[in-house]
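Close look at the chain arrangement
Given next are the chains, with one letter for each unit.
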Amino acid sequence: MKPHYFKKKINHPIMSIINDSLVSLPTPSNITYMWNMGSLLGLCLMIQIITGLILTMNYSTNTELAFHSVNHIFRNVNYGWMIRSLHANGASLFFIYMYLHIGRGLYFESFKFTHVWMVGIMIFFLTMMAAFVGYVLPWGQMSFWGATVITNLLSAIPLWGNSIVQWLWGGFSVNNATLNRFFMFHFLLPFVILAFMIIHLMFLHQTGSSNPLNINNNNDKIPFHPYFTWKDILGFIISIMILIFIISWIPNKLGDPDNFIPANPMVTPIHIQPEWYFLFAYAILRSIPNKLGGVIALIMSILILVILPFSSFKKIRGNQFYPLNKILFWNFTHCFFLLTWLGACPVEPPYIILSQLITINYFSYFLLSPLINKLWNNLINH
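This structure is a prediction, so every number in the text was calculated from the model and none was measured.

1. Quick look at the overall build of the protein chain
Along the backbone of the protein chain there are 13 helices and two strands. Computed over the C-alpha atoms, the radius of gyration of the protein chain is 23 Å, within 12% of the 21 Å expected from 2.2 N^0.38 for a compact globule of 382 residues. With 382 residues in all, the protein chain has 47% of them scored as buried. For the protein chain, contacts bridging at least 24 residues in sequence account for 78% of all contacts bridging at least 6. If you sum the accessible surface of the protein chain, you get close to 20,100 Å²; carbon and sulfur atoms cover 72% of it. In the protein chain, the 19 positive side-chain charges and the 9 negative ones have mean positions that sit 14 Å from each other.

2. As for the confidence of the model for the protein chain
Looking at the protein chain, pLDDT values average 89 and 93% of them are 70 or higher. Per-element confidence in the protein chain ranges from a low mean pLDDT of 67 for helix H1 (residues 13-23) to a high of 96 for helix H2 (residues 37-56).

3. Thoughts on the packing of aromatic side chains
Each pair of aromatic rings is reported with the distance of its centres and the angle of its planes. Throughout the structure, instances matching the rule amount to 32 aromatic pairs. Relative to Trp-330, the ring of Tyr-107 has its centre 6.2 Å away and its plane inclined at 50°; by these criteria the two rings are tilted. Here Tyr-107, found in helix H4 (residues 80-107), pairs with Trp-330, found in helix H12 (residues 323-343); they are 223 residues apart in sequence, far enough to count as distant. Here the aromatic rings of Phe-224 and Phe-228 are separated by 6.0 Å at their centres, their planes lie at 35°, and the arrangement is tilted. Given a relative accessible area of 15%, Phe-224 falls into the buried group. Relative accessible area serves as the criterion here: at 6%, Phe-228 is assigned to the buried category. Directly above the ring of Trp-35 sits Arg-104, whose terminal nitrogen or CZ lies 4.6 Å from the centroid. The ring of Tyr-33 is capped by Lys-231, whose NZ or CZ atom sits 4.5 Å from the centre of that ring.

4. Quick notes on helix H7 (residues 161-169)
By the burial criterion, the buried members of H7 are Gly-161, Val-165, Leu-168 and Trp-169. Buried residues of H7, viewed axially, fall in a sector of 95°; they line one side. Elements that come into contact with the buried residues of H7 comprise helix H6 (141-152) and helix H8 (176-207). Where H7 terminates, the next one or two residues include Gly-170, which has phi positive at roughly 75°.

5. Points about the nonpolar core
Core analysis: the largest hydrophobic core is formed by 84 residues, its most contacted members being Leu-106, Phe-124, Phe-280 and Leu-305. Looking at this core, the element that brings in the most residues is helix H5 (residues 114-136), giving 13 residues. Filtering out sequence-adjacent residues up to four positions away, Phe-124 remains in contact with Phe-95, Met-98, Tyr-99, Ile-102, Ile-302 and Leu-305. Ranked by size, the runner-up nonpolar core spans six residues in total, among them Leu-153, Leu-279, Tyr-282 and Val-295.

Parameters at a glance
Going along each chain's sequence as written, the residues are numbered from 1 onward. Selection of residues for local features in this predicted model requires a pLDDT of at least 70, selection of side-chain atom pairs for listing and counting requires 80 or more, and totals for whole chains, interfaces and linings are taken over all residues. Values shown for side chains rest on all heavy atoms present in the structure; no hydrogens or waters enter the calculation. Counting from the N terminus, the helices are DSSP H or I runs at least four residues long and the strands are E runs at least two residues long. Computation of the radius of gyration draws on C-alpha atoms alone. For the globule rule, the value is 2.2 Å times the number of residues to the power 0.38. Burial classification: accessible surface area is computed with a 1.4 Å probe over protein chains only, and a residue below 20% of its type maximum counts as buried, one above 50% as exposed, and the rest as partly exposed. Contact between two residues is taken to exist if any of their heavy atoms lie within 4.5 Å; hydrogens are not considered. Exposure was quantified through the Shrake-Rupley algorithm and a 1.4 Å probe, taking into account, for residues, occlusion by the shown protein chains and nothing else. Under the convention used here, Asp and Glu are negative, Lys and Arg are positive, and both His and the chain ends fall outside the count. Charged groups are reduced to one reference atom each: NZ for lysine, CZ for arginine, CG for aspartic acid, CD for glutamic acid. pLDDT expresses, on a scale from 0 to 100, how confident the predictor is about each individual residue. In this analysis, rings of Phe, Tyr and Trp, with Trp reduced to its six-membered ring, are considered paired at centre separations within 6.5 Å, and the interplanar angle assigns stacked below 30 degrees, edge-to-face beyond 60, and tilted for intermediate values. We call a charge positioned over a ring when the NZ of a Lys or the CZ of an Arg lies within 6 Å of the ring centre and within 35 degrees of the ring normal. To be clear, the arc concerns the directions from the helix axis to the C-beta atoms. The definition of a nonpolar core used throughout is a set of buried Ala, Val, Leu, Ile, Met, Phe, Trp, Tyr and Cys residues joined through side-chain atoms within 4.5 Å.

Structure follows, in structure tokens:
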């Protein structure tokens, strides 16, 4: 039986949806601030969409003008420097919250809500795609060469690889057609992500949120408002303060200095690398000597998250109750940070062998965790 405060009847359809989603939603009473990441991701997406729409008013999708239009936004447009910095650094904050959100889901095994998890992985893929095509738009040196290197990976596909790359480029190299296509994708993808986010929330409201103890008990649930709305508002305030600090004091700290040089197809940067939030996957890609093998490892570094709902056999859900699984989880987390660091290092000894060893360690988590689960179950049963 639900308590009386969950039984409010509202006749207006829109107000009823708002009430069921944000006011009277039954929520576990013991969830912590780690459960704030979903709402903070929603805030980041709104910031990205709004600032992105404003930036499109002054951006030019032409290889001759793109770099100078970004410079024009910074120097001549009223508060253009602020909007541009918010958009660029908002992407970094978006990925920080996304990695925390996924990490919390792994630790507390929220992936048991299979539909919610699968839609979340799709959002992760779409966000990475949107971030990649967006990074190309300023048309600096790292934008151009990053686009050239990453799109060239598709040439590893047997038989049709080169044809797919040329089709994507709209020619025989990254050119004006490529820039136009990437701009179109970057403009549309956030709205696709927004649609998937709504589906993500719909599935979440069907199953209900997980909680640190993973107790499925309706008697321990309280209304979302006012208890969790205030926690979310506090998260919003802190996030906005972080963004204000970054754009005021260190707006270019997370960017690459080479991207302040206009794209030049005749001069290759000494060390080509993507933005920091792709470095872990980039390190995995570079650690495999074979091109096709590297592309498969790159895709699997994210796609392997899909197997998690089908690979856990625990009686009690969550790593917090299993010491060996906790050690594995934190080892996996350290691998992520180390791969991020290695992705920014040059391709030379000892970084090559380190990348290979840590890549094996990264993937071993998804093999060892189910095996240890099985071991725990056998010990409990006997």
